[in-house]
Amino acid sequence: MTPKTLPEGKIFIVSAPSGCGKTTLCKKLLKDKLKLHQSVSITTRPPRRGEHNGADYFFMSAEEFIRMIDAKELLEYEENFGFLYGTPKKAVEKLLRKGRDVLLSIDVKGAMNVRKNYPRNSVLIFVMPPSMEELKKRLESREADTAKAILNRLKVAKQEIACRDKYDYVVVNDRLGAAYRKLKDIIILEGEKDAAVPRDR
Ligand code: ADP
Ligand code: 5GP
């Protein structure tokens, strides 16, 4: 008897410099009828105004985070701006086994690690700001960081933008509506491809 091929979902990974608009875009994707499941990351960073535990992140102490690393409960993790961020493994793998598509909003290093471990399932999308001036304005409009922290985020942004060619797709988030339509088109197109067929790259 031929063994049954289990369905496998896709992992859509959206990366963007901090402040570029990836949370805004991902929230729109999740509200749309795309059958995408969000992976909620864990972090040691304190919540920003309006963020909720379990929805935006699972906020936890460094001790709890390190316990999860040691117990191998994370798919990947990285340090950003002095805090730890990671993707819980169990929830993502459970969804993939059921053939569900998962949305990860993570940084460039995390994206490369996920692709290394799940080369057939991963679709990498990089969201670019229209300019560094506009990125600075968006970081300021969020009122979450000091001027010094914003300068640091802009420095890291330049390093991340330099990695955009490693991604399958690049979307410029200039006008929100147009950027969202491009992102949605990519997800629909890739969702129709067979995860069992190795991707060309
Ligand atoms: P990220 O998750 O990438 O750090 P956010 O989604 O929090 O970024 O967006 C940062 C700020 O930029 C927010 O105030 C958001 O409303 C705003 N923003 C997002 N996309 C656009 C856009 N296309 N045009 C103008 N402002 C935007
Ligand atoms: P912020 O503090 O602005 O929410 O996130 C800072 C950076 O951490 C962003 O680049 C964001 O994509 C990244 N990030 C959020 N969650 C994860 C995660 O689970 N893993 C990794 N590697 N990066 C993450």
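Residues numbered from 1 in each chain as written. Chains lettered and ligands numbered in written order. Predicted model: local features only at pLDDT ≥ 70, side-chain atom pairs only at ≥ 80, totals over all residues. Heavy atoms only, no water.

(A) Just the site of ligand 1, in detail. Around ligand 1, a shell composed of 14 residues is seen, among which G19, T23, T24, R142 and N173 lie nearest. In this structure, K22 approaches ligand 1 through a main-chain N or O atom, which is 2.9 Å from an oxygen atom. One of the side-chain N or O atoms of N173 is found 2.8 Å from a nitrogen atom in ligand 1. In isolation ligand 1 offers 570 Å² of accessible surface; the protein chains occlude 76% of this area. Breaking the shell around ligand 1 down by element, the ones donating at least two residues are α1 (22-31) and α5 (132-141). (Near = heavy atom within 4 Å. Polar contact = N/O pair within 3.5 Å; in protein donor to acceptor, adjacent residues only side chain to side chain. Areas by Shrake-Rupley, 256 points an atom, 1.4 Å probe, with all protein chains shown as cover. Helix = DSSP H or I, 4+ residues; strand = E, 2+ residues; numbered from the N terminus.)

(B) Up close: unusual backbone geometry. Positive phi values are uncommon outside glycine, yet K72 reaches one of about 55 degrees. Its location among the elements puts K72 in the loop between α2 (62-70) and β5 (74-80). A positive phi angle is found at F81, which is not glycine, with a value near 50 degrees. Structurally, F81 can be placed in the loop between β5 and β6 (83-88).

(C) Region of interest: the pattern of salt bridges. Per the counting criterion, the structure on display carries 13 salt bridges. With a closest N to O distance of 3.1 Å, D32 and K184 form a salt bridge. You can see D32 sitting in the loop between α1 and β2 (36-38) and its partner K184 sitting in helix α7 (residues 176-191), a full 152 residues away along the chain. Of the residues examined, K184 reaches a relative accessible area of 25% and is grouped as partly exposed. The closest approach of N and O atoms between R67 and E73, which form a salt bridge, is 3.3 Å. R67 sits in the partly exposed class, given a relative accessible area of 47%. Judged by relative accessible area, E73 falls into the partly exposed class, the value being 31%. Several salt bridges converge on common partners, so that one network encompasses R45, R48 and E51. (Salt bridge = Lys/Arg side-chain N within 4 Å of Asp/Glu carboxyl O. Buried < 20%, exposed > 50% of the residue type's maximum accessible area, 1.4 Å probe, protein only.)

(D) Main features of a positive patch on the surface. Together, K90, K94, R97, K98 and R100 make up a positively charged patch on the protein surface. Mapped onto the fold, K98 is located in the loop between α3 (89-97) and β7 (101-105). Classification of K98 as partly exposed rests on a relative accessible area of 48%. (Patch = residues over 30% accessible without salt bridge, like charges linked within 9 Å, V, L, I, M, F, W, Y side chains within 5 Å. Lys, Arg positive; Asp, Glu negative; His and termini not counted. Charge placed at Lys NZ, Arg CZ, Asp CG, Glu CD.)

(E) Fine view of the sheet that holds strand β1 (residues 11-15). Taken in spatial order, the 5 strands make up an open sheet running β2-β7-β1-β8-β9, and their pairing is parallel. Edge positions in the sheet fall to β2 and β9 (169-172), since each has one partner strand and no second. The mean inter-strand angle of the sheet, taken between neighbouring strand axes irrespective of direction, is 25 degrees. As paired elements, strand β8 (residues 122-128) and β9 share 4 bridges and run parallel to each other. Bridge assignment links I125 to a residue of β9, and that residue is Y169. (Pairing = 2+ DSSP bridges. Axes fitted to C-alpha atoms, helices over the stretch in contact; angles between N-to-C directions.)

(F) Just the site of ligand 2, in detail. The local shell around ligand 2 holds 18 residues, among which S41, R45, Y57, E76 and Y85 are the closest. E76 is positioned with one of its side-chain polar atoms (N or O) 2.7 Å from a nitrogen atom of ligand 2. The separation between an oxygen atom of ligand 2 and a polar side-chain atom of T87 is 3.3 Å. Here ligand 2 has 510 Å² of accessible area as a free molecule, and 97% of this is covered by the chains.

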